[in-house]
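# Results of the structural survey
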Amino acid sequence: MTEPNSTNDPVNTTSAAGSSAGSSFKAFFRSPAAGALMGFVAVFILFSIFGYSRNFLSVAGITTWVNFASLIGMIAIPVGFLMIAGELDISTGAVLPAATMTVAIICEHYQMPEVIGVAAALAIGALIGFINGFIVTRTRVPSFIVTLATLFAVAGLTLFLSIFFINNTNSFHHPPEWAKSLFGGKVYGFNSSVFWWAGLIAAFAFFLHYSPKGSWVFALGGDQESARNAGIPVARLKIALFMLCSTSAAFAGVLQVMTFSSATSQANFGLIFNTIISVVVGGVLLTGGFGTVMGIVFGVLTLSIVTQAIGFTEIDRNLSFLIIGVMLLIAVLLNDTFRHLATSWSGTKKK
Amino acid sequence: MSDKKPVLELRNVDKSFGPIDVLSGISLKVGEGEVLCLLGDNGAGKSTLIKTLSGVCQPTRGEILMDGETTVFSRPREAQERGIATVHQFGGTYPLMSIGRNFFMGSEPTKGFGPFRVFDRKRANRVAVEEVQKMGITRITDGDRLVGGLSGGERQSLAIARAVYFGARVLILDEPTAALGVKQAAHVLRIVNEAKRRGLAVVFITHQVMHAMAVGDHFAVLIRGAIAADFRKGEKTREHIADLMAGGESMADLEASIEGNMETQGG
Ligand SMILES: Nc1ncnc2c1ncn2[C@@H]1O[C@H](COP(=O)(O)OP(=O)(O)OP(=O)(O)O)[C@@H](O)[C@H]1O
Ligand SMILES: [Mg+2]
């Protein structure tokens, strides 16, 4: 019943061996992260040309969009993790304001130590993430709906409690020296949040691409059933990812209140769009199973240049939304093309 | 019934999903160096049976014994840690991940220390490529390649290679030859025999009489969730086994009905 010699075997072996040397180089250019990098470079060059006379390349010009990117970016990466794992989180738009108000109420209104305010804000973030993850894993309700519900619930609760505690929907907060320099300081025009973001990028990239458990995130989005069969704690990992996402949003809120010395309870709907656009422009597949941290970083930077730095160029401010829309479409099409290329890799080899 | 020491045993196992009873009163044994072939029609409950053996589901009633001791596999991981490796009927691979990462999913090799331990990509790729090549898929030479670019049979071979690599005591294969070509199917059967020779207990599900006859020592036929026949190699003829696999209907009748249909359609 065995057929010992097959004629097409050696032929196949040689043709496959030849292509493996250049494949990691080629693989990069096939990956959506490369697309995100090229998109960023293209936008940067375009803006440098049109912004040369309008200080786009000045310190003020650069710090404006980099500072903006840092707060979006530290939320966008864990949002991207969730998207890779096949889930979505839009409750971030309510978690961030909730965190800012928590710090302001505890530290400004009740004059408690800064550490308590920060810890409470992060704990609230973690709790909201836990609720999101718990509901998503226990029910079959799509995470878009679950987090849409928590978005409104948390936004409403934040408004209600702000009025309840301080009879105001906004508050200022002047942190003590150490907290100001740690969370809300400035170095050469760059906010502290930029340095926090840099550290978080390294930690997130390590987790997703180098640590052994990074594969599990991709497995969730690739084939959840198989992941469960392979012994991956699907529910626990998902809950952890939701918690990471909400806690990151809360941390961004902490940095924001320390940097701008003010807190607001208004839900930040723009943040939801900004994080999701960054993630998609950064090459994460909407269907899950693929994405890179660096891709998301370039996605965030590109979005930030286009929305924040357009005032430093001769390009009409009103065009920024148009550019974002076009970019998003191109990115989605590229990502889709990537998936086709990746899954038909064997077919594209020279015969 | 078995002369060899049973590694895995089911005693009076029932399994229901809510109101749906899928398995009832299943008692089975598989010993060291023995191949148990599970046969049965579509929907008979074969996959559900192996899911209870691999910790994906827990039996509603009855018990599972490993090496004679009552055991509960509350998670797939626990079964894996006891040396039970399973290839499930569907999936098992992740298209947008590399061959190396697919192969070690859930049991990643690492290098480095403490919190800085990293996924050992080189080793994972090397082992994965070696093991897949042993399965006769010599076309795979690069562990960084994405699995999405492989053919269905190559993916199935990868899943089988993985189970063979991790299965220390028991190997469970749910229709492993379904997507495979003649040559690769022969490889799988050879691997099953090889695992048997090394003293592993093997549970093998197939719809092909030929494949079952080639490796099986012990056959159990499931019909609507209950064991309808349980016999050892050589106790029944090929025709009889084929009839049992068709859910009790005679092959000759089935063939006649197919021909009947052809005639009415053609005419
Ligand atoms: N999670 C579940 N919930 C409800 N019913 C289920 C579930 N899993 C399986 N079943 C039912 O149990 C029965 C047996 O399914 P199973 O997959 O074990 O069959 P099988 O013998 O493997 O069939 P096949 O040869 O087609 O693979 C089917 O009728 C199926 O609908
Ligand atoms: Mg089945």
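Residues numbered from 1 in each chain as written. Chains lettered and ligands numbered in written order. Predicted model: local features only at pLDDT ≥ 70, side-chain atom pairs only at ≥ 80, totals over all residues. Heavy atoms only, no water.

A tally of regular secondary structure across chain B gives 9 helices and 12 strands. Against the compact-globule benchmark of 18 Å for 267 residues, chain B has a radius of gyration of 20 Å, which places it among compact chains. Over its C-alpha atoms, taken along the principal directions, chain B stretches across nearly 65 × 50 × 40 Å. Every one of the 267 residues in chain B was classed for burial, and the buried ones make up 53%. Taking all contacts inside chain B whose residues are at least 6 apart in sequence as the whole, residues at least 24 apart take part in 64%. (Helix = DSSP H or I, 4+ residues; strand = E, 2+ residues; numbered from the N terminus. Rg over C-alpha atoms; globule rule 2.2 N^0.38 Å. Buried < 20%, exposed > 50% of the residue type's maximum accessible area, 1.4 Å probe, protein only. Contact = heavy atoms within 4.5 Å.)

Here we come to the site of ligand 1. Residues and elements named next belong to chain B. Around ligand 1, the structure places 14 residues, and the nearest of them are Gly43, Lys46, Ser47, Thr48 and Gln89. In the environment of ligand 1, an oxygen atom lies 2.9 Å from a nitrogen or oxygen atom belonging to the backbone of Gly45. Between ligand 1 and the protein, one listed contact pairs an oxygen atom with a side-chain N or O atom of Ser47 at 2.7 Å. Summarising the interface, the protein chains cover 63% of the accessible area of ligand 1, which totals 640 Å² for the free molecule. Those elements that provide at least two residues to the shell around ligand 1 are β2 (20-31) and α1 (46-53). (Near = heavy atom within 4 Å. Polar contact = N/O pair within 3.5 Å; in protein donor to acceptor, adjacent residues only side chain to side chain. Areas by Shrake-Rupley, 256 points an atom, 1.4 Å probe, with all protein chains shown as cover.)

The subject of this paragraph is the domain arrangement of chain B. Residues and elements named next belong to chain B. Under the domain assignment used here, chain B contains domain 1 (6-236) and domain 2 (237-267). Across the contact, 13 residues belong to domain 1 and 10 residues belong to domain 2. Here domain 1 meets domain 2 over a buried area of about 1000 Å², counting both sides, of which 80% is carbon and sulfur. Taken together, the links from domain 1 to domain 2 amount to 0 salt bridges. On inspection of domain 1 and its partner domain 2, the count reaches 0 residue pairs in polar contact (both at pLDDT 80 or more). Secondary structure elements with two or more residues in the side of domain 1 that touches domain 2: β3 (34-40), α7 (209-215), β11 (218-223) and β12 (226-232). Split by residue class, the side of domain 1 that touches domain 2 holds 7 nonpolar, 4 polar and 2 charged. (Domains from an automatic or database assignment. Buried area = accessible area lost by both parts, 1.4 Å probe. Salt bridge = Lys/Arg side-chain N within 4 Å of Asp/Glu carboxyl O. Nonpolar A, V, L, I, M, F, W, Y, C, P; charged D, E, K, R; others polar.)

This part is about the coordination of the magnesium ion (ligand 2). Residues and elements named next belong to chain B. In this structure, Ser47 (OG) and Gln89 (OE1) serve as the protein donors to the magnesium ion (ligand 2), at separations of 1.9 to 2.1 Å. Taken together, the residues Ser47 in helix α1 and Gln89 in the loop between β6 (84-87) and α3 (99-103) connect sequence positions 42 residues apart. Judged by relative accessible area, Gln89 falls into the partly exposed class, the value being 26%. (Donors = N, O, S within 2.8 Å, 3.2 Å for Na, K, Ca; no water.)

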